[in-house]
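Remarks on the overall topology
The chain contents come next:
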Amino acid sequence: MINLLRADFYKLFHTRVLYVCTFVLLCYVGIVAAAFYSLDHMPQEKKEMLQAGNQAGEGVSLTVDDETDLSEQFLQSGTQFVGGVIEEIGVIVMIIGIMIAILVGGEFKERTIKSMVAKGYKREHIVITKVIVSAIATIIMVTCAALVAFLVGSVLSGNVNNYNNSELLAKARCILGGLAIFVAFSSLFTLIVIAIRNVEISVVLNMIIIMMLPNILGVIESTWKIPFSKIQLTEGFNKVIQSNASIVNMVHLGILFVGYVIISTIVACLVFKRADVK
Amino acid sequence: MEYVLQTNNLTKSYAGKCVVDHVNMNIKRGDIYGFVGKNGAGKTTLIRMVAGLALPTQGDIKLFGSKELSEQRRRIGTTIENPALYPHMTARQNLEYYVRLYGIPEKDVIDNLLKLVGLENTNKKKSKNFSLGMKQRLAIAIALLGNPDFLMLDEPTNGLDPFGIKEMRELLLELNKKGITILISSHILGELSKIATAYGIINNGVLVDEFNKNELMERCKRCIKIKVDDTKKAIAIIEDKFGTVEYDVLPDDRIRLFSHINKVSDVNKQLVLGDIAVESIRVVGQDLEGYFVELMEGKNND
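Residues numbered from 1 in each chain as written. Chains lettered and ligands numbered in written order. Predicted model: local features only at pLDDT ≥ 70, side-chain atom pairs only at ≥ 80, totals over all residues. Heavy atoms only, no water.

1. Some remarks on the overall build of chain A
- The number of helices and strands found in chain A is 12 helices and 0 strands.
- When the helices and strands of chain A are read in sequence order from the N terminus, they spell out α-α-α-α-α-α-α-α-α-α-α-α.
- Relative to its 278 residues, chain A shows a buried fraction of 45%.
- A separation of at least 24 residues holds for 76% of the contacts in chain A among residues at least 6 apart in sequence.
- Working note: accessible area of chain A is about 13,500 Å², and carbon and sulfur atoms make up 67% of it. (Helix = DSSP H or I, 4+ residues; strand = E, 2+ residues; numbered from the N terminus. Buried < 20%, exposed > 50% of the residue type's maximum accessible area, 1.4 Å probe, protein only. Contact = heavy atoms within 4.5 Å. Areas by Shrake-Rupley, 256 points an atom, 1.4 Å probe, with all protein chains shown as cover.)

2. Digging into the sheet that holds strand 6 (residues 76-79) of chain B
All names here are of chain B.
- Taken in spatial order, the 6 strands of this open sheet run 6-7-8-4-9-10, and their pairing is mixed. At either margin of the open sheet sits one strand with a lone partner, and together these are strand 6 and strand 10 (206-212). Averaged over all pairs of adjacent strands, the angle between strand axes in this sheet comes to 15°, irrespective of strand direction.
- Pairing analysis gives 5 bridges linking strand 4 (residues 32-37) to strand 8 (residues 181-186), with the strands arranged parallel. Note on strand 8: the bridge partner recorded for glycine 34 is isoleucine 184. (Pairing = 2+ DSSP bridges. Axes fitted to C-alpha atoms, helices over the stretch in contact; angles between N-to-C directions.)

3. A short note on the packing of helix 4 (residues 78-87) of chain A against helix 7 (residues 123-157) of chain A
Residue and element names in this part refer to chain A.
- At their nearest, the axes of helix 4 and helix 7 sit 7 Å apart, and the two run at 140° to each other. Here helix 4 lies oblique to helix 7, going by the angle between them. Like other packed secondary-structure pairs, helix 4 and helix 7 cross with a definite hand, here right-handed. Along its contact with helix 4, which presents Gly78, Thr79, Phe81, Val82, Val85 and Ile86, the element helix 7 presents Val142, Ala146, Ala149, Phe150, Gly153, Ser154 and Ser157.
- Looking at side-chain class alone, the contact of helix 4 with helix 7 contains 8 nonpolar, 5 polar and no charged residues. (Parallel < 35°, antiparallel > 145°, perpendicular 65-115°, else oblique. Left-handed = near helix turned anticlockwise from the far one by under 90°. Nonpolar A, V, L, I, M, F, W, Y, C, P; charged D, E, K, R; others polar.)

4. Focus on the pattern of salt bridges
- Taken as a whole and judged by the stated rule, the model has 17 salt bridges over all chains.
- Taking the shortest distance from any N to any O, the salt bridge between lysine 11 of chain A and glutamate 107 of chain A comes out at 2.8 Å. One end of the pair, lysine 11 of chain A, is in helix 1 (residues 2-14); the other, glutamate 107 of chain A, is in helix 5 (residues 89-109), and 96 residues separate them in sequence. Across the pair, glutamate 107 of chain A and lysine 11 of chain A agree in class, each one buried.
- For arginine 92 of chain B, the salt bridge identified is with aspartate 111 of chain B, shortest N-O distance 2.5 Å. A residue pair is termed long-range when its members are at least 10 positions apart, and arginine 92 of chain B in helix 3 (residues 91-102) and aspartate 111 of chain B in helix 4 (residues 109-116) qualify at 19 residues.
- Each of Asp8, Lys11, Glu107 and Lys130 of chain A takes part in salt bridges that share partners, so that together they form one network. (Salt bridge = Lys/Arg side-chain N within 4 Å of Asp/Glu carboxyl O.)

5. Topic: the domain arrangement of chain B
- According to the domain assignment, chain B consists of domain 1 (3-211) and domain 2 (222-284).
- Between the C-alpha centres of domain 1 of chain B and domain 2 of chain B the distance comes to 46 Å. (Domains from an automatic or database assignment.)

6. Details of the side chain of threonine 190 of chain A
Residue and element names in this part refer to chain A.
- Within the secondary structure, threonine 190 sits in helix 8 (residues 165-196).
- Side chain to side chain, threonine 190 and serine 134 meet in a polar contact 3.3 Å long.
- Beyond its immediate stretch of four places on either side in the chain, threonine 190 contacts Ile100, Val104, Lys130, Val131 and Ser134. (Polar contact = N/O pair within 3.5 Å; in protein donor to acceptor, adjacent residues only side chain to side chain.)

7. Brief notes about the environment of glycine 84 of chain A
- Within the element layout of this structure, glycine 84 of chain A appears in helix 4.
- Along the sequence, glycine 84 of chain A and alanine 149 of chain A sit 65 residues apart, while their C-alpha atoms lie 9.3 Å from each other.

8. Re the sheet that holds strand 12 (residues 247-250) of chain B
Residues and elements named next belong to chain B.
- If you walk across this open sheet you meet the 4 strands as 12-13-11-14, and the pairing is antiparallel. In the strand order of this sheet, the two ends are held by strand 12 and strand 14 (278-284), each with one partner. Each adjacent strand pair in this sheet contributes to an overall mean axis angle of 15°, direction not counted.
- Alignment of strand 12 against strand 13 (residues 254-257), held across 4 bridges, turns out to be antiparallel. Within strand 13, the position partnered with aspartate 248 by the bridge is arginine 256.
- Here helix 9 (residues 231-242) sits on the sheet in contact with strand 11 (223-228), strand 12 and strand 13, set at roughly 25° to strand 13.

9. Overview of the confidence of the model for chain A
- Here chain A averages 83 in pLDDT, and 88% of its residues register 70 or above.
- The low-confidence segment residues 55-60 of chain A, where pLDDT is below 50, has 3 contacts with residues more than four positions distant or belonging to other chains. (pLDDT = per-residue confidence, 0-100.)

10. A word on the UniProt feature "domain: ABC transporter" (unreviewed entry) in chain B
- The sites that carry the UniProt feature "domain: ABC transporter" (unreviewed entry) are, in the present numbering, residues 5-229 of chain B.
- Structurally, residues 5-229 of chain B is divided into 34% helix and 29% strand, and its ends, taken at the C-alpha atoms, are 44 Å apart. (UniProt positions renumbered as here; feature names shortened; annotations may be inferred.)

11. Brief notes about unusual backbone geometry
- Positive phi, normally seen in glycine, also occurs at arginine 111 of chain A, with a value near 65°.
- The phi angle at asparagine 123 of chain B is positive, at roughly 50°, despite the residue not being glycine.
- Its place among the elements puts asparagine 123 of chain B in the loop between helix 4 and helix 5 (132-143).

12. Observations concerning helix 4 of chain A
- Among the 10 residues that make up helix 4 of chain A, 8 are buried, leaving the element largely enclosed by the rest of the structure.
- Residues of helix 4 of chain A that are buried include every one of Gly78, Thr79, Gln80, Phe81, Val82, Gly83, Val85 and Ile86 of chain A, and no others.

13. Thoughts on the interface of chain A and chain B
- The interface is formed by 29 residues belonging to chain A together with 32 residues belonging to chain B.
- Between chain A and chain B lies a buried interface of about 2,800 Å² when both sides are counted; carbon and sulfur atoms form 54% of it.
- Linking chain A to chain B there are 1 salt bridge.
- In this structure, lysine 12 of chain B engages aspartate 276 of chain A in a salt bridge whose closest nitrogen and oxygen atoms are separated by 3.2 Å.
- Joining chain A to chain B, the criterion identifies 15 residue pairs in polar contact (both at pLDDT 80 or more).
- Of the residues contributing to the side of chain A that touches chain B, the split by class is 9 nonpolar, 6 polar and 14 charged. (Buried area = accessible area lost by both parts, 1.4 Å probe.)

Structure follows, in structure tokens:
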């Protein structure tokens, strides 16, 4: 399995997928930073217009939640901006879904997966390798985004950190918790790609899972009282990033993370074990 | 006799349709085995099962005398259907990937292989921009990584020009001399006949026949085939009337006469005059292509 990992890491760093997806995420970080910066330097009356939901002018329109305190800066420090970026789970998970679909699904599209199988590697080892490499790719991408967010946020706000120790601990929980759920999502997406074995359909299915599944499960939960929220990663994460998060919340998120990774890997192994490889 | 590959009632069905039907194949060490069949006959499906890409519905496979296939598959190099290359990587990068995948420690193996298959000057060209022939060469270079003992090549001359086909043939003969057993599936009978030492014919999923090169030559040899009531007397008459003749006597009173093939009527006349009851007399034997086609279509008519 060491050889499988060595080869897959070589491929990861010699193809464009990781670099393109990281670039897209960095662009998103840059655009958000620029938007926050321009909001912070807007006259007060213009900010109030945004809150009222009026158009700020031509081009891209921005609106601000009514509950937002406009006396505070949007961009306060590098640490604050990193935490804010990580909390935007939807965008990051969407990019992860696309990256995994191309990274793993591409092996089936180009038929290169048959080289591993034909050389005698156990199918379980191949699946585990894909899960590990997908997780590492996710961590690299998110870490790059976090570092750039920290740098950009620090430079634009002129402040590296504006938190006291307990707030800093909460942000650390946020970042670590975020990384954990991103890795859990990456293993889930890897399972989907291995089950579907088609890049395009995997991208669509991953998008559906990110955008629609939480709402669908929410409706089912409220209608039939099935406690889906207890096994939803985003719900677990939301509890951890609260200022009053307890050890129980963190343990719960940890269990979800381990559960998602293990169950996704086992199911992917079972699915791939019996599949004909084209 | 050591066999590199043996299959026992190997069967593959998809949705009730049998595409490989109880195949018992035997490939001896050191052979170049030509695997011949029409499109859709089951050649690629069988190769995929041996390579572990498809799970058999029934039957088993032995590689190098062992049923521990995961272990033995490390001794095989394969090219199956379209070349499996990473499109955004160069030839060298593709080989670097596979060198890591196969755990090969030698540093100069990539340069040697690129030179062997004629891709040493591709430099930064990505494999997605290769011609089909170049992709095929790179796929073969990948199959040769790790010094396999057994090569399975599914239509390796696809996309190659005549010079490429000649180079491929010379390469395969050279590899075979080094002791590598080779299975080639191909439609190009002319090319196969130049290198294959054994043949397997598959039709509609059934392995119709297996034979070696000498047996094939025997079967394709032109002769007059005569069925008589008394072979000894018939031979005596033929030798007396036609002088030195080349012949052999088959079971069930049949004689094959390899000389005087243009004198069928004379042979018949002499036998009849000699009081021999001639049940049938005809000229048989054909070229390679005709023989294979007859084998494949003959079984189909059955």
